Amino acid sequence: MTAPALSALSALLGDRFSTARPVCAAHAQSETHIRTGLPDAVVFPETSAEVAAILRICAAHRLPVIGWGAGTSLEGHALPLHGGVSVDFARMNRVLSVSPEDMLVRVQPGITREDLNRELRATGLFFPVDPGANASLGGMAATRASGTTAVRYGTMRDAVLGLEVALADGRLIRTGTAAPKSSAGYDLTALFVGSEGTLGLITELTLRLHGQPEAVSAAVCAFASMAAAVDCVIETIQSGLPMARIEFLDPAAVAACNAHAQQNLPLAPHLLVEFHGSPAGVAEQAARFGEIAESHDCTGFRWAEKPEERSALWKMRHAAYPACLASRPGATAIVTDVCVPISKLAEAVEETRADIAESGIPGPILGHVGDGNFHAILLIDAESPAEAATAKALASRMAERALRLGGTVSGEHGIGMGKLAYMQAEHGDAWTVMGTLKQALDPRNILNPGKLVPPHDAG
Ligand SMILES: Cc1cc2nc3c(=O)[nH]c(=O)nc-3n(C[C@H](O)[C@H](O)[C@H](O)COP(=O)(O)OP(=O)(O)OC[C@H]3O[C@@H](n4cnc5c(N)ncnc54)[C@H](O)[C@@H]3O)c2cc1C
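The following refers to the structure shown. (Residues numbered from 1 in each chain as written. Predicted model: local features only at pLDDT ≥ 70, side-chain atom pairs only at ≥ 80, totals over all residues. Heavy atoms only, no water.)

All right, on to the site of the ligand then. Looking at the ligand, there are 35 residues lining it, with Gly67, Thr72, Ser73, Pro131 and Ser136 nearest. Measuring from an oxygen atom of the ligand, one finds a backbone N or O atom of Gly69 at 2.7 Å. Residue His368 places a side-chain N or O atom 3.2 Å away from an oxygen atom belonging to the ligand. Burial of the ligand by the protein chains amounts to 95% of its free accessible area of 970 Å². Of all the secondary-structure elements, those providing two or more residues to the shell around the ligand are β3 (65–68), α5 (137–143) and β10 (201–208). (Near = heavy atom within 4 Å. Polar contact = N/O pair within 3.5 Å; in protein donor to acceptor, adjacent residues only side chain to side chain. Areas by Shrake-Rupley, 256 points an atom, 1.4 Å probe, with all protein chains shown as cover. Helix = DSSP H or I, 4+ residues; strand = E, 2+ residues; numbered from the N terminus.)

With that settled, consider the side chain of Thr336. Looking at the secondary structure, you find Thr336 in the loop between β16 (331–335) and β17 (338–339). Residue Thr336 is classed as buried on the basis of its relative accessible area of 3%. There is a polar contact of 2.8 Å between the side chain of Thr336 and the backbone nitrogen of Ala376. (Buried < 20%, exposed > 50% of the residue type's maximum accessible area, 1.4 Å probe, protein only.)

Strand order in the open sheet formed by 5 strands is β5-β6-β10-β8-β9, and the pairing between neighbours is antiparallel. Among the strands making up the open sheet, the edge pair consists of β5 (95–99) and β9 (172–175). Each adjacent strand pair in this sheet contributes to an overall mean axis angle of 10°, direction not counted. Strand direction decides the pairing type here: strand β8 (residues 160–166) and β10, joined by 6 bridges, are antiparallel. Note on β10: the bridge partner recorded for Gly162 is Thr206. Against the sheet, helix α4 (residues 113–120) touches β5, β6 (104–107) and β10, its axis set at about 45° to β5. (Pairing = 2+ DSSP bridges. Axes fitted to C-alpha atoms, helices over the stretch in contact; angles between N-to-C directions. Contact = heavy atoms within 4.5 Å.)

Okay, the nonpolar core next. Judged by nonpolar contacts, the single largest core of 45 residues is most densely connected at Phe223, Leu271, Val273, Phe289, Leu345, Phe374 and Leu378. Within the residue set of this core, elements represented by two or more residues are β12 (215–222), α9 (226–238), β13 (245–249), β14 (270–277), α11 (279–295), α14 (345–359), β19 (373–381) and α15 (385–404). It is α9 that provides the largest number of residues to this core, a total of 7 residues. The contact partners of Val273, leaving out residues within four places of it in the chain, are Ser217, Ala218, Ala219, Met243, Arg245, Ile246, Phe289 and Trp314. In terms of nonpolar packing, the next biggest core, distinct from the first, is built from 26 residues, Ala145, Ala159, Ile202 and Leu209 among them. (Core = buried A, V, L, I, M, F, W, Y, C linked by side-chain atoms within 4.5 Å.)

Here we take up the pattern of salt bridges. Note that side chains of opposite charge can pair when their charged atoms are close. In this structure the tally under the stated criterion is 23 salt bridges. Between Glu114 and Arg113 there is a salt bridge, and its shortest N-O distance comes to 3.7 Å. Since its relative accessible area comes to 33%, Glu114 is described here as partly exposed. A salt bridge links Asp130 to Arg245; the shortest N-O distance between them is 3.1 Å. One end of the pair, Asp130, is in the loop between β7 (125–126) and α5; the other, Arg245, is in strand β13, and 115 residues separate them in sequence. With a relative accessible area of 7%, Asp130 lands in the buried category. A single salt-bridge network, built from bridges that share partners, covers Arg113, Glu114, Asp130, Arg245 and Glu274. (Salt bridge = Lys/Arg side-chain N within 4 Å of Asp/Glu carboxyl O.)

Listed as buried for α4 are Arg113, Leu116 and Leu120. Along α4, the residues classed as buried sweep out an arc of 60° about the axis, all on the same side. Tucked inside the fold, the buried residues of α4 contact β5, β6, β7, α5 and β10. (Arc of directions from axis to C-beta.)

To continue, consider the packing of helix α1 (residues 2–13) against helix α3 (residues 48–61). Put simply, α1 and α3 touch, their axes get as near as 9 Å, and they point 165° apart. Between α1 and α3, the interaxial angle falls into the category roughly antiparallel. Along this stretch, α1 crosses α3, giving a crossing that reads as right-handed. The segment α1 lies against α3, with Pro4, Ala5, Ala8, Leu9, Leu12 and Leu13 engaging Glu50, Ala53, Ile54, Ile57, Cys58 and His61. (Parallel < 35°, antiparallel > 145°, perpendicular 65-115°, else oblique. Left-handed = near helix turned anticlockwise from the far one by under 90°.)

Bringing the sheet that holds strand β4 (residues 85–88) into the picture now. One open sheet holds the 4 strands; their spatial order is β1-β2-β4-β3, and the pairing between them is mixed. Sheet topology places β1 (17–18) and β3 at the edges, where each strand pairs with a single neighbour. Relative to strand β2 (residues 41–43), β1 runs antiparallel, the two being bridged by 2 bridges. Residue pairing across strands places Phe17 opposite Val43, the latter belonging to β2.

Here it is in structure tokens:
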């Protein structure tokens, strides 16, 4: 089945089809401990019609098709579990149109969020979803990504207004319109956002934009205890302050960032915050936050008002993952990602901290705590099965804890292969329904098989 499919793809795409080992190996690598074999081939389409044709060929020969954006996903999402064809969207990276009056942009899926914001700079608009990594918009939609700014601007669920999708049988469909809302039928846009390439390949996105804020102000402050920092977050959110970002770093994460970004923050739990709005609005929000933080005994409040100070602050935060990795030379990471209701945040973080301390594995904790989302970066010796087992058990307990507290096993990274084991516990029969939808749209199970949904026999 594979050889005829590969010759048909080669005939379709010429030098944009590759079976070269280094190219295939580059599409079987991710940031985490998860490993698979290589894809049989990698293709680089340039148009939606080519993506549809690739799917028709693969469907006819029952060859797996795995979308590839920037390859930054953390749960093995884009890895080829059963071989097949990796569809790399790097050449579909154009802005198709900008509508400043409607605050919308139409893009191809391979454009990265940093490139999109560079192209938007002159318009006075920006795209706010920020997962730290310079991910592609197609990959971000496919994982329903979010990040530091979700507390203010929402996640990819809120940002995507419409899609063009190539289905498993090669049909191209459009979901959504340019209208700000609709009650016309099933919300297929929402179905494809977060479907991790298992229901179709996204070939175009219509995205909501926001006005660049007139004034921005950021600050960093330390707390005597993790509980005090988290209580400050809870009170801030419950008071309705429109925070643009509110990020938590535990002392281990602070130590790693200090070493990596040449900072000298005190080794204490920290919050990093940002405010967006008019100059008066920002000043008022900042003063109110200052009062709340003070009531939780914060110390070392430091403002970063100049753009270069803010950029250094967020650069440090965005580099927290490599900083944590570098804090244990040679280590590999098991990255966890749970999200709980804000009222349960203190309990979730405190129990997790105690659990990690007892395990003996280094595990800095950090997170977008404004929306109840936090991560532990469990640093293990890649050659030690015992450490891997300990870290996996810790990660499982974090997931179970999140479910017990009414939360979810993934706030933003998604399921891929790494979190399949928790889907039944989180969703019950609703997970079976996800499988039914998958079977209806992809009866031959060619789209990213082995990810997200329950296993099914291809028809
Ligand atoms: C240091 C670091 C920090 C991170 N922080 C965050 C964070 O704060 N928040 C967050 O949400 N994530 C975070 N991530 C995870 C990652 O950046 C996101 O999952 C991102 O959305 C993946 O985008 P990508 O372009 O790299 O997609 P890929 O990894 O290439 O693919 C992800 C999934 O999408 C599918 N896919 C890709 N393109 C398409 C397409 N066009 N159509 C259909 N399916 C497609 C793939 O098959 C795969 O299932 C972080 C990762 C790293 C390495």
